[in-house]
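# Structural characterization, general
For reference, the chains in residue letters:
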Amino acid sequence: MEEILQNIFNGILEGDRETVRTNVQQAIDAKMSPAVILNDSMVSAMAEVGKRFEEGEYYVPELLIAARAMKEGLALLKPLLAEAKVKAAGRVAAGTVKGDLHDIGKNLVCMMLEGAGFEILDLGTDVSPEKFVDAVQTGKADVICMSALLTTTMPNMVATIDALKAAGLRSKVKVMIGGAPVTDSYARQIGADGYAPDASRAVALAKSLLA
Ligand code: B1M
């Protein structure tokens, strides 16, 4: 059993999708608990990936292939996790703001959050303030995660926060933001609840916002 978990862990670190897929399937066939498979191999591997990224040992390509390998295993686990009612860490509605089509960073953030046990409503790119509001109203999101890569689209983060206020929802949801031109001081200036410079710190931020 230990060996299977170790293989999944190593497979994610190496971005080896085939190893992850076959070992997760073996773990499922061996009737291991989905929560153990998720937390003791996959989530811990993504935490290690995040650590290596922060320390400059891994770069974006390693992050992407690790996240893709993790997604391969998650796809097999997802139905079982739903059955076992493993409590999600929270529900995050994520999107790149209106006018902005950059989605690589946002996708990375979504994958890392998913790996950490969050339920993700991926709203895609060019997401209007109204769509974010709807994700809170009907999607029951606990956290809004906005990404912007263009200085010209950053003001749409403010527009989204304003729309949440106008809908009377601001106090019901946490707002976190990120993207290359976004800063911590900008987050404070516009009244967001937090800023993360990269995907692994977005996970730590989401956890702290919901703690
Ligand atoms: Co564009 N682009 N682009 N582009 N593009 C940039 C952003 C730019 C900096 C390039 C440059 O001029 N040096 C520049 C913006 C300048 C500015 O506003 N300051 C720019 C421009 C100008 C444009 C166009 C306007 C070009 C044109 O058409 N004239 C146009 C705009 C289109 C639009 O959006 N409306 C455009 C188009 C494109 C492509 C479509 C070709 C493509 C996007 C493809 C795609 O995403 N599917 C593209 C790309 C690839 C880039 C660069 C080269 C790379 C962006 C990227 O994917 N980085 C970029 C230059 C650069 O950033 N060096 C550039 C890798 C990614 C993993 O990092 O997205 O930063 P990033 O995400 C990180 C963190 O920022 C953070 O975590 C991620 C992982 O660590 N993060 C979050 C991101 N979102 C977060 C949310 C969070 C927390 C953390 O919430 C809590």
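Scroll up a little and you will see the structure.
Residues numbered from 1 in each chain as written. Predicted model: local features only at pLDDT ≥ 70, side-chain atom pairs only at ≥ 80, totals over all residues. Heavy atoms only, no water.

## Points about unusual backbone geometry
- A positive phi is found at Asp 126, a non-glycine position, where the angle reads about 55°.
- Mapped onto the secondary structure, Asp 126 falls in strand E2 (residues 119–127).
- Residue Asp 126 is classed as partly exposed on the basis of its relative accessible area, which comes to 40%.
- Residues other than glycine seldom take positive phi values, yet Lys 140 does so here, at roughly 55°.
- On the secondary structure map, Lys 140 appears in the loop between helix H6 (129–137) and strand E3 (143–147). (Helix = DSSP H or I, 4+ residues; strand = E, 2+ residues; numbered from the N terminus. Buried < 20%, exposed > 50% of the residue type's maximum accessible area, 1.4 Å probe, protein only.)

## Thoughts on the site of the ligand
- Inspection of the region around the ligand gives 26 residues, with Leu 101, His 102, Asp 103, Ser 147 and Thr 151 positioned closest.
- At 2.7 Å from a nitrogen atom of the ligand is found a side-chain nitrogen or oxygen belonging to His 102.
- A distance of 2.9 Å is found between an oxygen atom of the ligand and a backbone nitrogen or oxygen belonging to Thr 151.
- Those elements that provide at least two residues to the shell around the ligand are helix H5 (104–115), E3, strand E4 (174–178) and helix H9 (199–210).
- Top element by residues in the shell around the ligand is H5. It accounts for four residues.
- By residue class, the composition of the shell around the ligand is 16 nonpolar, seven polar and three charged. (Near = heavy atom within 4 Å. Polar contact = N/O pair within 3.5 Å; in protein donor to acceptor, adjacent residues only side chain to side chain. Nonpolar A, V, L, I, M, F, W, Y, C, P; charged D, E, K, R; others polar.)

## A word on the packing of H5 against H9
- At a closest axis distance of 8 Å, the pairing of H5 and H9 adopts a crossing angle of 50°. With respect to their mutual orientation, H5 and H9 come out oblique. Both H5 and H9 take part in a crossing whose hand is right-handed. For the pair formed by H5 and H9, the contact residues are Leu 108, Val 109, Met 112 and Leu 113 on the first element and Ala 199, Ser 200, Ala 202, Val 203 and Ala 206 on the second.
- Residues belonging to the contact of H5 with H9 are distributed by class as follows: eight nonpolar, one polar and no charged. (Axes fitted to C-alpha atoms, helices over the stretch in contact; angles between N-to-C directions. Parallel < 35°, antiparallel > 145°, perpendicular 65-115°, else oblique. Left-handed = near helix turned anticlockwise from the far one by under 90°. Contact = heavy atoms within 4.5 Å.)

## Here's the deal with the nonpolar core
- Ile 8, Ile 12, Ile 37, Met 42, Leu 77, Leu 113 and Met 176 are the most contacted members of the largest nonpolar core, which has 48 residues in total.
- Every element with two or more residues in this core is listed here: helix H1 (2–14), helix H2 (17–29), helix H3 (34–54), helix H4 (60–84), strand E1 (91–97), H5, E3 and H9.
- If we ignore the near neighbours within four places in the chain, the residues touching Ile 12 are Val 20, Met 42, Ala 45, Met 46, Val 49, Ala 66, Ala 69 and Met 70.
- If you look at the next biggest cluster of nonpolar residues, it comprises 26 residues, including Ala 135, Val 136, Val 173 and Ile 177. (Core = buried A, V, L, I, M, F, W, Y, C linked by side-chain atoms within 4.5 Å.)

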